[in-house]
Each structure stands twice: as C-alpha cells, then as structure tokens.
Amino acid sequence: MAEAYIVGAVRSPVGKKKGGLSTVHPTDLAAHTLAALVERTGVDPAAVDDVIMGCVMQFGPQSMDIARNAWLSAGLPESVAGVTIDRQCGSSQQAVHFAAQGVMSGTQDLVVAAGVESMSIVPMGSSITAALEKGMPFPFGEKWVERYGNQEISQFRGAELMCEKWDLRRDELERYAYESHQRAAKAVANGYFRDQIAPVGGVEDDEGPRPDTTLEKMAALKTLREGGRITAATSSQISDGSGAVLVASERAVREHGLTPRARIVTLSLVGGDPVYMLTAPIPATRRALERAGLGIEDIDVIEINEAFAPVPLAWLREIGADPAKTNPNGGAIALGHPLGGTGAILMTKLLHELERTGGRYGLQTMCEGGGQANVTIIERL
C-alpha cells in the first residue's frame, strides 16, 4: 500500500463565544485557512485532487457544501472539487482519514483535509431545532426506540454516565480542567502555537484559555444537570475555528518538491454505545495501537479531545497513558471545540508539538456523536 504523508497543517486561532471570530462568516473563515495552507506549502492548488471538509451544523451559512464554497472564496482554482462531511465532532479528523485513504489507494495524490465551525453564527443544534419547528420528528425514529428505548440521548447525559461508571468525582474533573487552562496559558505565553496559526482579522491567539481561573471559582458553578457533576468549567467551550491539512503521495512529494513532515501510520474507527456516546476512544485506541504494532508507551504526544473532562480521564485510566504526554498544551476545555473544525485543528497541534519537542509518534482521538471515535497515529519525519 502506498504511503500517505502530511506536508502541511495550519489552523486559525480558536475564537471564544462572542469573541473576535464571532462575526466572521464560516465560509470566509475556512477560506482563510485554505489559502494559508496553499501559501505555506507552496503547492500548485490546481494539482489538488479534492477538498474534504468536516462541518457538523450544515445549516444556513454552513450549508450548500461549504468545502466547495470556501475553496472558491479563497480564490483557488474552479477545477478542484470539494465535499463536506459529518462524523459529528470527529468530522475533520475523518476528513484526514478519507484524504489518507485516497492517497493510500493510489487513486489520488494531493488531498486537502479541513474543517470549520462557527458556533457563534450557526449554534449547536440549529439543524435539529429547525426540523422540530416544522413539526418533523427528532432524528431517532421508531426502529431506534425499539432497540434503545425512549430515553434521552445526549452528550451531556453521556458525560454524566461516564462519571458514574468510572466513579469520577466533581473535584477530580475540576482539577483536570484547571490543569488544561494552565497548560494552554503556558503554551500561548511561550508562543508554542504561533507557527501553526494563521491570524484572522487581527485575532492572533486562541481566546479560550483563562490563566486566572481557580479551583474555587470552578467549585462555585452550578452543575449543568440537577444532581450532576459536570459544569461549564469541565466542558469544552463553544468556539469558532478552522483547520486544514495537506496529505500527499510519494509521487506528489517528488513531482511538486514538497517536504514530508509526517507519515500516517494507521487509521482506526470504532463504534461504541450510543447512549454513553463518549466512550469509543478507548476501544479505538486499542485497535489503532494493535494495528500499528505499538504500545501506548511508544507514543510521544497525544491529543484527545476534551469534550468533557470525564472523556480524557476515563481514557487515561483505561489506556494507561502518561498524563504529561496527553494534551500537553491544554485541550478543548481551555482552548475550545469548534465541532467540525476540531479534528484538523488537533492534527495541526499534534504535528507541530512533535516537531517542537522532537517526538516520533503522535496519536489523536476524539469522541463523536452516535458513540463513535476516530484514532490517527502519525510518525514525525
């Protein structure tokens, strides 16, 4: 099988709710990142075979195939097609997988894998709300109810169920969240993200980290559910952002004079319990490590999306990973989670952190709606 290489990765800053990116049209936000990727890699954009873009709320300003619209908005060649995909929070990590698979199959040589979400402009749940307002049923129909019962299916309930199953206390969740903010603040202050970010409209840094937060402030917050353990402080932030990765074949590297920065080692995709929803990164990681012939001790940098604090905490407990290697520069609790954009943003962070520290292997995973998870393992070159 042919190798797939990452030759470029760039992201926007991640803007907070009502922050500096909240008025930027999502198509323009994605276009900015695509243009930066082309500029930084020096690739001939007409040679790109496809643009695969993750976006979860494909509604309103994010509808009508935003991948295609963003590419054209960036002033890039009309000859290049684009497709928008939805694997919930893992949408743009799946875009990386599809891009790699296209290259590995030998049918494509240059594929852009990207993602975008403006949660300020297109709020989470917009498509569902619009359907309900028209009297249409919730996405789960009669056959679903026959299998799983007429029970609440939501990420918020899933997070609470994880807390119960793994006996995660509220103070444990808050200590994890506090550490995420401290790591992110340190990374911003030390300029760790500077080379990976393409500033947008005067916004140069991620807006989410709160270096002045305290455990006392977190403890004073109300839980999101009565009697629960999850608060806003131990949940990912509502955010706006975009990322883009260029995946190339060996032939494309040679013919276009590109520099391989990482090799995609293996790709894993697993489904789990859709009621718990957030637990699939655990079996997906085990499968990916087995396929790669690696142990978790071989992984130098890990990016696991902090949708809620119990997700990485349960994963750490089950996988036995080193907490110091896991989200070393903070995660979505501090830096934000722009849904469909997060996968490409995390891959950009992972690649740059491997390069900064001289690590060899990196692993990325995230929980996804429907009880799914992607895992990508890369090797820095």
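As recorded by an unreviewed UniProt entry, the chain carries the name Acetyl-CoA acetyltransferase and is attributed to Sphaerimonospora thailandensis. Regarding the chain, the UniProt comment filed under Sequence similarities (unreviewed entry) reads as follows: "Belongs to the thiolase-like superfamily. Thiolase family."

Asks: Teacher, can you tell me more about the UniProt feature "active site" (unreviewed entry) in the chain here?
Replies: The UniProt entry lists C89, H337 and C367 under the feature "active site" (unreviewed entry), expressed in the numbering used here. The annotated residues occupy 279 residues of the chain but converge on a single region, no pair of C-alpha atoms lying more than 12.0 Å apart. Within the element layout of this structure, C89 appears in the loop between β4 (82-85) and α3 (91-104). The contacts of C89, once residues within four sequence positions are left out, are V56, H337, L339, M366, C367 and E368. With respect to the helices and strands, the residue H337 is situated in the loop between α12 (332-335) and α13 (342-357). Overall, H337 belongs to the buried group, its relative accessible area being 4%. In contact with H337, not counting residues within four places along its chain, are C89, M119, S236, Q237, S239, N305, A332, T342 and M366.

Asks: For this particular structure, what's the right way to read the packing of aromatic side chains?
Replies: Any pair of aromatic rings gets described here by the distance separating the centres and the angle formed by the planes. The full count for this structure, using the stated rule, is three aromatic pairs. Measuring from centroid to centroid gives 4.2 Å for F140 and W144, while their planes differ by 20°, and the two rings are stacked. Here the aromatic rings of W144 and Y148 are separated by 4.6 Å at their centres, their planes lie at 40°, and the arrangement is tilted. Of the two residues, W144 and Y148 both sit in helix α5 (residues 142-148), four residues apart, roughly one turn of that helix. Clustering of aromatic rings is evident, with ring pairs tying together F140, W144 and Y148. In this arrangement the basic side chain of K165 is found over the ring face of Y276, its NZ or CZ atom lying 5.4 Å from the centre. One residue, R356, lies across the ring of Y192, its end atom 3.7 Å from the ring centre.

Asks: It is not clear to me how the pattern of salt bridges should be interpreted in this structure. Could you clarify?
Replies: Scanning all chains against the criterion turns up 16 salt bridges. Between K143 and E146 there is a salt bridge; the shortest N-O distance is 3.9 Å. On the criterion of helical spacing, the pair formed by K143 and E146 is a turn pair, its members being three residues apart in helix α5. Given the relative accessible area of 65%, K143 is considered exposed. Note on E146: relative accessible area 58%, which makes it exposed.

Asks: What should I look at first to understand the nonpolar core in this one?
Replies: The tendency in soluble globular proteins is for nonpolar side chains to be buried side by side. Counting residues in each nonpolar core, the largest one holds 44 residues, and the members touching the most others are L278, I296, I299, W315, L363 and I377. Contributing elements (two or more residues each) for this core: α6 (155-165), α7 (170-189), α10 (281-292), β8 (301-304), α11 (310-319), β9 (361-368) and β10 (372-380). Counting residues per element, this core draws most heavily on α11, which supplies six residues. Counting 35 residues, the second-largest nonpolar core is a separate cluster that includes Y5, A30, A70 and V116.

Asks: Sorry if this is basic, but what is going on with α3 here?
Replies: Owing to its 3.6 residues per turn, the α-helix brings residues three or four apart onto one side. Look at α3: 20 Å from first C-alpha to last across 14 residues, which is about the 20 Å you get at 1.5 Å a residue. Taken across its 14 residues, α3 has twelve buried, putting it largely inside the fold. For α3, the set of buried residues is S91, S92, Q93, Q94, A95, V96, H97, A99, A100, G102, V103 and M104. Looking one or two residues past α3, G106 carries a phi angle of roughly 85°, positive in sign.

The rules behind the values
- In every chain, residue numbers begin from 1 and rise along the written sequence.
- pLDDT decides what is reported in this predicted model: residues at 70 or higher carry local features, side-chain atom pairs at 80 or more are listed and counted, and totals for whole chains, interfaces and linings draw on all residues regardless.
- Hydrogens and waters are ignored; side-chain quantities use all the structure's heavy atoms.
- UniProt positions are given in the numbering used here, feature names are shortened, and annotations may be inferred rather than shown by experiment.
- Put simply, DSSP marks the helices as runs of H or I at least four residues long and the strands as runs of E at least two long, and each gets a number from the N terminus on.
- In this description, contact between two residues means that some pair of their heavy atoms is separated by no more than 4.5 Å.
- Type-normalised accessible area, obtained with a 1.4 Å probe on protein chains alone, sets the label of each residue: buried when under 20%, exposed when over 50%, and partly exposed for intermediate values.
- Stacked, tilted and edge-to-face are the three classes applied to pairs of Phe, Tyr and Trp rings, where Trp contributes its six-membered ring and a pair requires centres within 6.5 Å; stacked means planes under 30 degrees apart, edge-to-face means over 60, and tilted covers the rest.
- Over a ring means this: the NZ of a Lys or the CZ of an Arg is within 6 Å of the ring centre and within 35 degrees of the ring normal.
- Any Lys or Arg side-chain nitrogen located within 4 Å of an Asp or Glu carboxyl oxygen qualifies as a salt bridge.
- As used here, the term nonpolar core means buried Ala, Val, Leu, Ile, Met, Phe, Trp, Tyr and Cys residues forming a set that is joined through side-chain atoms within 4.5 Å.
- Expected helix span is given by 1.5 Å per residue-to-residue step, counting one fewer step than there are residues.

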